[in-house]
Amino acid sequence: MKRKSPFYVLMAVLITAVMILGACAPAATTEAPAGATKAPAAATEAPAATAPAETKLAVGIVLPTKDEPRWIQDETRFKDALTAAGYEAEILFSQGDSAKEKANVESLVTKGVKVLIICPQDGSAAAAAAETARAAGVKVISYDRLILDTEAVDYYVTFDSLAVGAAQAQYLVDKATGTGNPLYLYAGAATDNNAFLFFQGAWNVLQPKIADGTFVIKNSNEAVALQDKLELTRDEQAKIIGQVTTNWDFNTAKNLAEANLTVAKTADKGNVFILAPNDGTARSIADAFAADKDVTSYVVTGQDAEKASIQYIIDGKQSMTVLKDVRTLVADAIAAAVAYLEGKTPPQTNTYNNGKIDVPAKPSEVISVDKANVKAAVIDSGYWPASDFTGLP
Ligand code: BGC
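Numbering of residues starts from 1 in every chain and runs along the sequence as written. Thresholds applied to this predicted model are a pLDDT of at least 70 for local features of residues and 80 or more for the giving and counting of side-chain atom pairs; totals over whole chains, interfaces and linings are not thresholded and use all residues. Only hydrogens and water are set aside when side-chain values are computed; all heavy atoms of the structure are taken into account.

A. Representation of the pattern of salt bridges in the model. Whenever Lys or Arg places a side-chain nitrogen within 4 Å of a carboxyl oxygen from Asp or Glu, that contact is recorded as a salt bridge. Tallied over the entire structure, the rule returns 21 salt bridges. The closest approach of N and O atoms between Glu-106 and Lys-102, which form a salt bridge, is 2.9 Å. Pair noted here: Glu-106 and Lys-102 are both in helix α3 (residues 98-110), with a separation of four residues, about one helical turn. Glu-106 sits in the partly exposed class, given a relative accessible area of 32%. One salt bridge connects Lys-307 with Asp-388, and the closest N-O pair in it is separated by 2.9 Å. A residue pair is termed long-range when its members are at least 10 positions apart, and Lys-307 in helix α11 (residues 307-314) and Asp-388 in the segment after α13 (374-379) qualify at 81 residues. Among the charged side chains, a salt-bridge network with shared partners connects Arg-70, Asp-74, Asp-144 and Asp-304. Each helix is a run of H or I in the DSSP string that is no shorter than four residues. Each strand is a run of E no shorter than two, and both are numbered from the N terminus. Throughout this description, buried means an accessible area under 20% of the type-specific maximum (1.4 Å probe, protein chains only), exposed means over 50%, and partly exposed covers the range between.

B. Quick peek at the packing of helix α2 (residues 69-84) against helix α12 (residues 326-341). Geometry is summarised by axes, namely lines fitted to C-alpha atoms with helices restricted to the contacting stretch, and by angles between N-to-C directions that run from 0 to 180 degrees. Relative orientation of the contacting elements α2 and α12 amounts to 55°, with a least axis distance of 9 Å. Between α2 and α12, the angle falls in the class oblique. Seen from above, α2 lies across α12 with right-handed handedness. Residue-level inspection shows Arg-70, Gln-73, Asp-74, Arg-77, Phe-78, Ala-81 and Leu-82 of α2 in contact with α12, the latter providing Val-326, Arg-327, Leu-329, Val-330, Ala-333 and Ile-334. Residue type decides the class: Asp, Glu, Lys and Arg count as charged, Ala, Val, Leu, Ile, Met, Phe, Trp, Tyr, Cys and Pro as nonpolar, and the leftover types, Gly among them, as polar. Looking at the contact of α2 with α12, its residues break down into eight nonpolar, one polar and four charged. Our angle categories are set so that under 35 degrees counts as roughly parallel, over 145 as roughly antiparallel, 65 to 115 as roughly perpendicular, and the remainder as oblique. Here a crossing is taken to be left-handed if its near helix is turned anticlockwise relative to the far helix by less than a right angle, and right-handed if that turn runs clockwise. Contacts are assigned to residue pairs with any non-hydrogen atoms lying within 4.5 Å of each other.

C. How the structure looks around helix α9 (residues 250-263). Expected helix span is given by 1.5 Å per residue-to-residue step, counting one fewer step than there are residues. For α9, with 14 residues, the first-to-last C-alpha span of 20 Å sits near the 20 Å given by 1.5 Å per residue. Looking only at α9, the buried set comprises Ala-253, Leu-256, Ala-257, Asn-260 and Leu-261. Viewed along the axis of α9, the buried residues span an arc of 130°, placing them on a single side of the element. Structural note: α9 exposes Asn-251, Thr-262 and Val-263 on the side pointing more than 90 degrees away from its buried face. Summarising the geometry, the arc corresponds to the directions from the helix axis toward the C-beta atoms.

D. Spatial organisation of the site of the ligand. Whether a residue is near a molecule or strand is decided by its heavy atoms; if any one of them lies within 4 Å of it, the residue is near. Around the ligand, 13 residues are found, and the nearest of them are Glu-68, Arg-70, Asp-144, Asp-192 and Asp-304. Here a polar contact means two N or O atoms within 3.5 Å. Within protein one must be a hydrogen donor candidate and the other an acceptor candidate, and residues neighboring in sequence count only if both atoms are side-chain atoms. At a separation of 2.5 Å, an oxygen atom of the ligand approaches a polar side-chain atom of Asp-304. In this structure, Lys-324 approaches the ligand through a side-chain N or O atom, which is 2.8 Å from an oxygen atom. Exposure was quantified through the Shrake-Rupley algorithm and a 1.4 Å probe, taking into account, for residues, occlusion by the shown protein chains and nothing else. Relative to its free-state accessible area of 310 Å², the ligand is covered by the protein chains to the extent of 100%. Those elements that provide at least two residues to the shell around the ligand are α2 and α6 (193-211). Tallied by class, residues from the shell around the ligand come to three nonpolar, three polar and seven charged.

E. Geometry of the confidence of the model for the protein chain. How sure the predictor is of each residue is captured by pLDDT, a score from 0 to 100. Across the protein chain, the average pLDDT comes to 88, with 85% of residues at 70 or higher. Within the model, the stretch residues 1-54 combines pLDDT values under 50 with 85 contacts to residues more than four positions away or in other chains.

F. Expanded view of unusual backbone geometry. We note that Asp-144 has phi near 70°; this positive angle belongs to a residue other than glycine. Checked against the element boundaries, Asp-144 lands in the loop between β4 (139-143) and β5 (155-157). In the Ramachandran plot, Trp-248 falls in the positive-phi region, its phi being about 60° despite a non-glycine side chain. Within the secondary structure layout, Trp-248 lies in the loop between α8 (234-244) and α9.

G. Molecular detail of the packing of aromatic side chains. Put simply, two rings from Phe, Tyr or Trp (the six-membered ring, in Trp's case) pair if the centres are within 6.5 Å, and we call them stacked under 30 degrees between planes, edge-to-face over 60, tilted for the rest. The tally for this structure, following the rule as stated, stands at seven aromatic pairs. Centre to centre, the rings of Phe-78 and Tyr-143 are 5.3 Å apart; their planes meet at 45°, and the pair counts as tilted. Of this pair, Phe-78 sits in helix α2 while Tyr-143 is found in strand β4, placing the two residues 65 residues apart along the sequence. Exposure class is identical for Phe-78 and Tyr-143. Each is buried. Between the aromatic rings of Tyr-383 and Trp-384, the centroid separation amounts to 5.3 Å while the plane-to-plane angle is 65°, which identifies the pairing as edge-to-face. On the accessibility criterion, Tyr-383 (1% relative accessible area) is buried. The exposure class assigned to Trp-384 is buried, which follows from its relative accessible area of 12%. Taking the ring centre of Trp-384 as reference, the NZ or CZ of Arg-77 above it sits at 4.7 Å. A ring is scored as having a charge over it whenever the NZ atom of a lysine or the CZ atom of an arginine sits within 6 Å of its centre and within 35 degrees of its normal.

Next up, the structure:
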């Protein structure tokens, strides 16, 4: 599959950025990464780039878990971008454990990183790790998820998470006809600020359609109690999320969906509409609804354009996903790191309040994907190769 030109432009930007990143690395820290590797074949048509002979570890990256394809995706995209330019940054995983996350940060600080790119496992718990880095003079870039309740965050690279939730909800609205459609709500982990943003974005679109009778909420009496209110406070959102959280965990999602279906009456099933917060949980929830004999049809949302969910969409088992092009997020994170290494400030279009400060940010756009545009959005854009799927439309 031939890649489109924007990808080359992105790679060129990345390669330039990463060359600067290598060149700006400080002289004294730990061992240089084992030989600055040459651009491998994977860099294909990208301009040839050779990293400086003596690169040091200037940037450390900490991601939340290897147990979800989403974060393996980010690791791969980071590696692709860095390796293409012959530079290495250390990438560590926290495996869902804030203590491990803090130990990872301490290890990177000890190795002399000047910039930390970190996606917190738990937004509030990560404040201590960010403060450790800040105290050592390290710039802290919050990646995808916002670190909460601390001043020690310099920048936030993210997607427009309100738009993610809005796209999911709009998909449900567009597929619904008439009134009384059963609606099942599910959310992400309450420790993740994004879970609130996704839910808020979705609620803004769904609430008027609940108020006018298009949808009837079936699995959350907390949501029913608040269904006449468009603007929810964080505490109100927390009440609903607390009742319908998947904790970003496939098994939790499956068990919750099955428990909801066990309690629901036959009349609460039929043609159902499901707000599922991401692809991993969407597949679990979809499997549970598909197995219920009283569910005639279901529309279910997702996000992340995970390979397994793209196949589910092709197969008609998941209705949509929201593509968040991780290549863009990686490019933005690296560009921000380079800006800091050069003593500059990364571009800012928005701020996100983290409970202590307004963190400068530049959120990226997202794309709603279903069977109708999956080939154009996911394959033709070079995001995933066609050969990874069967039965593409
Ligand atoms: C990310 C999603 C991801 C979820 C679970 C969120 O913070 O934005 O892309 O699916 O965490 O890991």
